[in-house]
Amino acid sequence: MKKFLIAGLGNIGPKYDNTRHNIGFKVLDTLAREEKLTFETQKLGDIATYKYKGRTLILLKPNTYMNLSGKAVRYWLEKEKVPVENLLVVTDDLNLDFGLLRLKGKGSAGGHNGLKDIEAQLNTSNYARFRFGVGASFGRGRQVDYVLGEWNTEEAAALPERIDKTIQAIQSFATAGLGNTMSSFNGK
């Protein structure tokens, strides 16, 4: 049976629940709710196990806060003996318009501190990351307020469909592989 680690990035605590920066948590929470999975708090994060078409997906919501996500990701990769090529990190991206999806098999952190920490902890940038566009509708020096801000009315209305598309991409990553998933979902 193939095993995958799907790490959704976010910040713990109710004040962050509906923020743009927490899209990784929101996607995994939605998947867990739809599949009737329960997250359990374990070492360095909340974990749920999702069985899908002969695959085991370990869903991880690190409880280390966004900027220290790498420690949790490294721990669960090692504990579950998941090869780094079966890691998928779900995160927000300011450089993509709201709701635009982009999957990449490697690359830079693009200024994202959670991805920087994962890269530092894994000592590689060769891992798949699924970027969910949150747009960049903020003034100079307001980036932190923007990503830690809540979705506007238009975004909140469009979010369920965009999250469903993201879940489909996660399932595709585990069954059809990185290349096929990139072809099917990037820019959609």
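Here the structure is shown first, and the text comes after it.
Residues numbered from 1 in each chain as written. Predicted model: local features only at pLDDT ≥ 70, side-chain atom pairs only at ≥ 80, totals over all residues. Heavy atoms only, no water.

Chemist: Explain the sheet that holds strand β2 (residues 40-42) here, please?
Modeler: Reading across from one edge, β2-β3-β4-β1-β5-β7-β6 is the order of the seven strands in this open sheet, with mixed pairing throughout. On the outer flanks of this sheet lie β2 and β6 (101-104), each paired with one strand and no other. In this sheet, neighbouring strand axes are inclined to one another by 25 degrees on average, regardless of whether the strands run parallel or antiparallel. Of the strand pairs in this sheet, strand β1 (residues 2-8) and strand β4 (residues 55-62) are connected by six bridges, and their pairing is parallel. Its bridge partner being in β4, Phe4 is matched across the sheet by Leu57. The sheet strands contacting helix α2 (residues 69-80) are β1, β2, β3 (45-52), β4 and β5 (87-93), and the helix crosses β4 at an angle near 155 degrees. In this fold helix α6 (residues 178-185) packs onto β6 and β7 (128-133), with an angle of close to 160 degrees to the strand it touches most, β6. (Pairing = 2+ DSSP bridges. Helix = DSSP H or I, 4+ residues; strand = E, 2+ residues; numbered from the N terminus. Axes fitted to C-alpha atoms, helices over the stretch in contact; angles between N-to-C directions. Contact = heavy atoms within 4.5 Å.)

Chemist: Just checking my understanding: could you explain the packing of helix α5 (residues 153-176) against α6 for this structure?
Modeler: Following both chains from N to C, one finds α5 and α6 inclined at 155 degrees, their axes separated by 7 Å at the closest point. Considering the angle they form, α5 stands roughly antiparallel to α6. Crossing geometry of α5 relative to α6 is assigned as right-handed. Here Lys165, Gln168, Ala169, Ser172, Phe173 and Ala176 of α5 come into contact with α6, specifically with Leu178, Asn180, Thr181 and Phe185. Considering only residue class, the contact of α5 with α6 consists of five nonpolar, four polar and one charged. (Parallel < 35°, antiparallel > 145°, perpendicular 65-115°, else oblique. Left-handed = near helix turned anticlockwise from the far one by under 90°. Nonpolar A, V, L, I, M, F, W, Y, C, P; charged D, E, K, R; others polar.)

Chemist: Can you help me understand the packing of aromatic side chains in this one?
Modeler: Here a ring pair, both rings aromatic, is described through the centre-centre distance and the interplanar angle of the planes. For the structure on display, the rule yields seven aromatic pairs. Taken together, a centroid distance of 6.2 Å and an interplanar angle of 75 degrees make the contact between Phe98 and Phe132 edge-to-face. Of this pair, Phe98 sits in the loop between β5 and β6 while Phe132 is found in strand β7, placing the two residues 34 residues apart along the sequence. Relative to Trp151, the ring of Phe98 lies with its centre 5.7 Å away and its plane at 70 degrees, an arrangement referred to as edge-to-face. Taken together, the positions of Phe98 in the loop between β5 and β6 and Trp151 in the loop between α4 (143-147) and α5 put the pair 53 residues apart, joining distant regions of the chain. Assessed through its relative accessible area of 25%, Phe98 is described here as partly exposed. Taken together, Phe98, Phe132 and Trp151 form an aromatic cluster joined through their ring pairs. For Arg20, the ring lying beneath its charged end belongs to Tyr146, and the centroid distance is 4.0 Å. Residue placement shows Lys61 over the ring face of Phe25; its charged tip is 5.5 Å from the ring centre. (Phe/Tyr/Trp six-rings, centres within 6.5 Å; stacked < 30°, edge-to-face > 60°. Buried < 20%, exposed > 50% of the residue type's maximum accessible area, 1.4 Å probe, protein only. Lys NZ or Arg CZ within 6 Å of the ring centre and 35° of its normal.)

Take it as geometry only, folks, not as evidence of what the structure does.
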